[in-house]
There are 2 protein chains.
Amino acid sequence: MAAAAPPPPPTPAPEAPTGLPDSESTPVGYPLFSRIRLATPNDVPHIHKMIHQMAVFERLAHHCVATESSLSATLFNHLPFQSFSVFLLEVSPNPLPNIASPNFIPIERIMQLDLPVIDPEAEIFKSGSNDVVVAGFVLFFPNYSTFLAKPGLYVEDLFVRECYRRKGMGKILLSAVAAQAVKMGYGRVEWVVLDWNVNAIKFYEEMGAKILTEWRICRLTGEALEAYRDAI
Amino acid sequence: MAAAAPPPPPTPAPEAPTGLPDSESTPVGYPLFSRIRLATPNDVPHIHKMIHQMAVFERLAHHCVATESSLSATLFNHLPFQSFSVFLLEVSPNPLPNIASPNFIPIERIMQLDLPVIDPEAEIFKSGSNDVVVAGFVLFFPNYSTFLAKPGLYVEDLFVRECYRRKGMGKILLSAVAAQAVKMGYGRVEWVVLDWNVNAIKFYEEMGAKILTEWRICRLTGEALEAYRDAI
């Protein structure tokens, strides 16, 4: 899809945005080429930085002890989709170079933006060649419903870097997980939301999700969990 | 443990319970030999029946479409603890026969009950030889915390058959999962509870769990999920 699209105008000026040619369609704006692909061990540094940005955003940085090496040791140990899996969102103002992706056909889209994105961290999140940067990720893994006797996919984290928010990218990432679940014949996609985050709840409901209002998560962790070491 | 214990008295009478000999310790009652072991594909018929009993208990039988064949097709496809795993609770009034269990050392306990258990479904839940019956199960699988950069274990279902309830068996099953998580170096054990089930909440808090009051589960399923088949 990206390869078939015409290249964007060089250095477009805000006062005179140049869109796709009229022969293609009529959108006017700044194209942003986006791609969702499966993350690999090489992406751990970017994933690590985004996990910490997410922790800061949620004011939970003091709970975030993930390091590049601890992520490397625990992710990517299984076949994609069989265990913990990460979709990475890459974007570029230019058509994305082709990549090899044996286990998942990358999902590519061209977004038309009203204004170009100013990415102050473009250098840090550079992904491969050209102007490609990592803009977000979603981490998910299989869960299981005994009533359905089917696996599902559980979305542990969904994150879009600040300068790429409010452009529908979160929806694209979540939709990619949902499409993958359908493709695998799975019965559910689940995730959690804070009860006071009414905007997120509205967004998820518009995507077709039901909020299970009666269920509460129970968590055994830290010393309370360690206490079970010799309990049995 | 079971092998080292003396055999229980033959046909103990309620009015004159015969416990362990005084030389061992001083409990008086009816011994119930219990064992937690990893379930195998051969256990699917029992697991299936218990899932349906759980659905009836939760008044959700109309949502339960699990069959023996759909459970067989989706469980036991991976190494134990790497994906969906089931611990089975077996009990017997007599010492349990030894079993081969390469991936998990069975956890054995002798409970001293005030009264013998009358199990109206003993024949249906018979497990192997002698008087061994399946009394409950717990189904769990790995989840992942990005903040900890560690897997955890998520408990999807915990069930004890009605005649074996209020004897601490749920706690033994949940403790077995917690102990397994610690053994594997995992960071959390999580599960969910209904917000109105104050007894369960109290029980879980006493076990050391924190209830995450602010989080709500979002679920995309059925036609709403199917709609994403071609969304990407």
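Look above for the structure.
Anyway, here's the lowdown on the structure attached to this text. (Residues numbered from 1 in each chain as written. Chains lettered and ligands numbered in written order. Predicted model: local features only at pLDDT ≥ 70, side-chain atom pairs only at ≥ 80, totals over all residues. Heavy atoms only, no water.)

### Considerations on unusual backbone geometry
Excluding glycine, most residues fall at negative phi; most peptide bonds, likewise, are trans.
Next, step 1: At Phe81 of chain A, a residue that is not glycine, the phi angle is positive and equals roughly 75°.
Next, step 2: By secondary structure assignment, the location of Phe81 of chain A is in the loop between helix H2 (68–74) and strand S2 (85–92).
Next, step 3: With a relative accessible area of 6%, Phe81 of chain A lands in the buried category.
Next, step 4: In this structure, Arg166 of chain B is a non-glycine residue whose phi angle is positive, near 60°.
Next, step 5: By the secondary structure assignment, Arg166 of chain B is in the loop between strand S5 (150–160) and helix H3 (169–183). (Helix = DSSP H or I, 4+ residues; strand = E, 2+ residues; numbered from the N terminus. Buried < 20%, exposed > 50% of the residue type's maximum accessible area, 1.4 Å probe, protein only.)

### Section: the interface of chain B and chain A
Quoted interface sizes are often the accessible area lost when the parts come together.
Next, step 1: Across the boundary between the two partners, chain B contributes 74 residues, which contact 74 residues of chain A.
Next, step 2: Summed over both partners, the interface of chain B with chain A comes to about 7,000 Å²; 64% of that surface belongs to carbon and sulfur atoms.
Next, step 3: Per-residue buried area on chain B facing chain A is highest for Phe147, Arg216 and Arg219 of chain B; these three make up 13% of the total on that side.
Next, step 4: Here chain B is connected to chain A by four salt bridges. (Contact = heavy atoms within 4.5 Å. Buried area = accessible area lost by both parts, 1.4 Å probe. Salt bridge = Lys/Arg side-chain N within 4 Å of Asp/Glu carboxyl O.)

### Thoughts on the sheet that holds strand S8 (residues 215–221) of chain B
Next, step 1: Reading across the sheet, the eight strands line up as S3(A)-S1(A)-S2(A)-S4(A)-S5(A)-S6(A)-S8(B)-S7(A) and stay open at both edges, with mixed pairing between neighbours. At either end of the open sheet lies a strand with only one pairing partner, and these are strand S3 (107–113) and strand S7 (210–212) of chain A. If you compare each strand with its neighbour and ignore which way they point, the axes differ by 30° on average.
Next, step 2: Bridge analysis of strand S4 (residues 133–145) of chain A against strand S5 (residues 150–160) of chain A gives ten bridges, and the strand direction is antiparallel. Residue pairing for S5 of chain A: Asn143 of chain A is matched across the bridge by Gly152 of chain A.
Next, step 3: Against the sheet, helix H1 (residues 44–57) of chain A engages S2, S4 and S5 of chain A, with an angle of about 85° to S4 of chain A.
Next, step 4: Contacts from helix H4 (residues 198–206) of chain A reach S5, strand S6 (188–194) and S7 of chain A together with S8 of chain B, with the element oriented near 165° to S6 of chain A. (Pairing = 2+ DSSP bridges. Axes fitted to C-alpha atoms, helices over the stretch in contact; angles between N-to-C directions.)

### Concerning the sheet that holds strand S6 (residues 188–194) of chain B
Next, step 1: Ordered in space as S3(B)-S1(B)-S2(B)-S4(B)-S5(B)-S6(B)-S8(A)-S7(B), the eight strands form an open sheet in which the pairing is mixed. At either margin of the open sheet sits one strand with a lone partner, and together these are strand S3 (107–113) and strand S7 (210–212) of chain B. Going from strand to strand, the sheet's axes swing by 30° on average, the running direction of each strand aside.
Next, step 2: On the sheet, helix H1 (residues 44–57) of chain B packs against strand S2 (85–92), strand S4 (133–145) and S5 of chain B and is oriented at approximately 85° with respect to S4 of chain B.
Next, step 3: Of the strands in this sheet, strand S8 (215–221) of chain A together with S5, S6 and S7 of chain B touch helix H4 (residues 198–206) of chain B, which is tilted by about 165° from S6 of chain B.

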